[in-house]
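One-letter residues, chain by chain:
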Amino acid sequence: MGPFDTNLDKNAANYTPLSPISFLRRAAIVHPDHPAVIHGATQYGWAEAAIRARRLASALSKRGVGKGDTVAVMAPNIPALFDAHFGVPLTGGVLNALNTRLDADTIAFILDHGEASVLIADLEFAPVIKRALDNVERDILVVDIVDPEFDGAANIERIGVMTYDDLLADGDPDFPWALP
């Protein structure tokens, strides 16, 4: 029997639970200024990514999102969706990233079935989201993403109660780290 054939007790030296949250925390410490996000003129490092995720988690928690609650996001590959992949799990919630090619009926079904309490949606998809929300049987807090790289945002009626930037601004950058 070799040394790797024994049952070792789990401890910090030989076992650490991993999650995207632990990855983000480590990346923010080890590579704080290394680019995490590049989106048009927007660029920030892992330390800023961690702050944004913690702000999002805090702001969602203030609005009742906690363990097992679903937050849906309808957005292309933009910073807000990146934030959500870390910020939603920090609350203990479940991220439901919606396919941007879906029709209104399918989106409505997913929002109901997934029991979404919050929907963060890029204004680019506001028309289909508005039609979907007309068929949803639950109250959902809707937050509008105003992506500076989307040229048509000025011509689209907002459907959310606030913008994503306002939501982030309301969050605490020192929200506690917690694995899901």
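In case you missed it, the structure is sitting above this.
Below you will find a few notes about this structure. (Residues numbered from 1 in each chain as written. Predicted model: local features only at pLDDT ≥ 70, side-chain atom pairs only at ≥ 80, totals over all residues. Heavy atoms only, no water.)

All right, on to the sheet that holds strand β4 (residues 94–97) then. Here five strands make up an open sheet; going across it, the order is β4-β3-β5-β6-β7 and the pairing parallel. Two strands close off the open sheet at either side, each with one partner strand: β4 and β7 (162–163). Bridge analysis of strand β5 (residues 116–122) against strand β6 (residues 141–145) gives five bridges, and the strand direction is parallel. Bridging across to β6, Ile120 finds its partner in Val143. Sheet contacts for helix α5 (residues 126–133): β3 (70–74), β5 and β6; angle to β5, the most-contacted strand, approximately 155°. (Pairing = 2+ DSSP bridges. Helix = DSSP H or I, 4+ residues; strand = E, 2+ residues; numbered from the N terminus. Contact = heavy atoms within 4.5 Å. Axes fitted to C-alpha atoms, helices over the stretch in contact; angles between N-to-C directions.)

So, about the nonpolar core. If you look at the biggest cluster of nonpolar residues, it comprises 20 residues, and the most contacted ones within it are Leu56, Leu60, Val71, Ile120, Ile145, Tyr164 and Leu167. Listing elements by their share of this core, those giving two or more residues are α2 (46–62), β3, α3 (79–91), β5, β6 and α6 (164–169). Sequence-distant contacts of Ile145, defined by excluding residues within four places in its chain, comprise Ala75, Ile78, Ala80, Ile120, Ala121, Asp122, Leu123 and Tyr164. Of all hydrophobic cores here, the second largest spans 17 residues; its members include Met74, Ile107, Leu111 and Leu119. (Core = buried A, V, L, I, M, F, W, Y, C linked by side-chain atoms within 4.5 Å. Buried < 20%, exposed > 50% of the residue type's maximum accessible area, 1.4 Å probe, protein only.)

Next up on the list: the packing of helix α1 (residues 20–30) against α3. The geometry of α1 relative to α3 is characterised by a closest axis approach of 9 Å and an angle of 115° between their N-to-C directions. As α1 runs across α3, the sense of the crossing is left-handed. Note on element contacts: α3 touches α1 through Phe86, Pro89 and Leu90, opposite Pro20, Ile21, Phe23 and Leu24. (Left-handed = near helix turned anticlockwise from the far one by under 90°.)

Below, the discussion takes up helix α4 (residues 104–113). Where α4 is concerned, the buried positions are Ala104, Ile107, Ala108 and Leu111. Each buried residue of α4 lies within a common arc of 100° when the element is viewed along its axis, so the set occupies one face. Opposite the packed face of α4, turned more than 90 degrees from it, sit the exposed residues Asp105, Phe109 and His113. Elements in contact with the buried residues of α4: β3, β5 and α5. Capping of α4 at its N-terminal end is provided by Asp103; its side-chain oxygen lies 3.2 Å from the backbone amide nitrogen of Asp105. Where α4 terminates, the next one or two residues include Glu115, which has phi positive at roughly 55°. (Arc of directions from axis to C-beta. Polar contact = N/O pair within 3.5 Å; in protein donor to acceptor, adjacent residues only side chain to side chain.)

Moving on, we come to the packing of aromatic side chains. Under the criterion given, the structure shown has three aromatic pairs. Pairing Trp46 with Phe82 gives two aromatic rings, centres 5.9 Å apart and planes at 55°, and the pair type is tilted. With Trp46 in helix α2 and Phe82 in helix α3, this residue pair connects regions lying 36 residues apart in the sequence. According to the relative accessible area criterion, Trp46 is buried, its value standing at 12%. (Phe/Tyr/Trp six-rings, centres within 6.5 Å; stacked < 30°, edge-to-face > 60°.)

A separate point is the packing of α1 against α2. Look at α1 against α2: their axes get within 7 Å of each other, and the N-to-C directions meet at 135°. Taken as axis vectors, α1 and α2 run oblique relative to one another. α2 is crossed by α1, and the crossing has left-handed handedness. Between α1, through Phe23, Leu24, Ala27 and Ala28, and α2, the contact on the second element is made entirely by Trp46, Ala47, Ala49, Ala50 and Ala53. The residue makeup of the contact of α1 with α2, split by class, is nine nonpolar, no polar and no charged. (Parallel < 35°, antiparallel > 145°, perpendicular 65-115°, else oblique. Nonpolar A, V, L, I, M, F, W, Y, C, P; charged D, E, K, R; others polar.)

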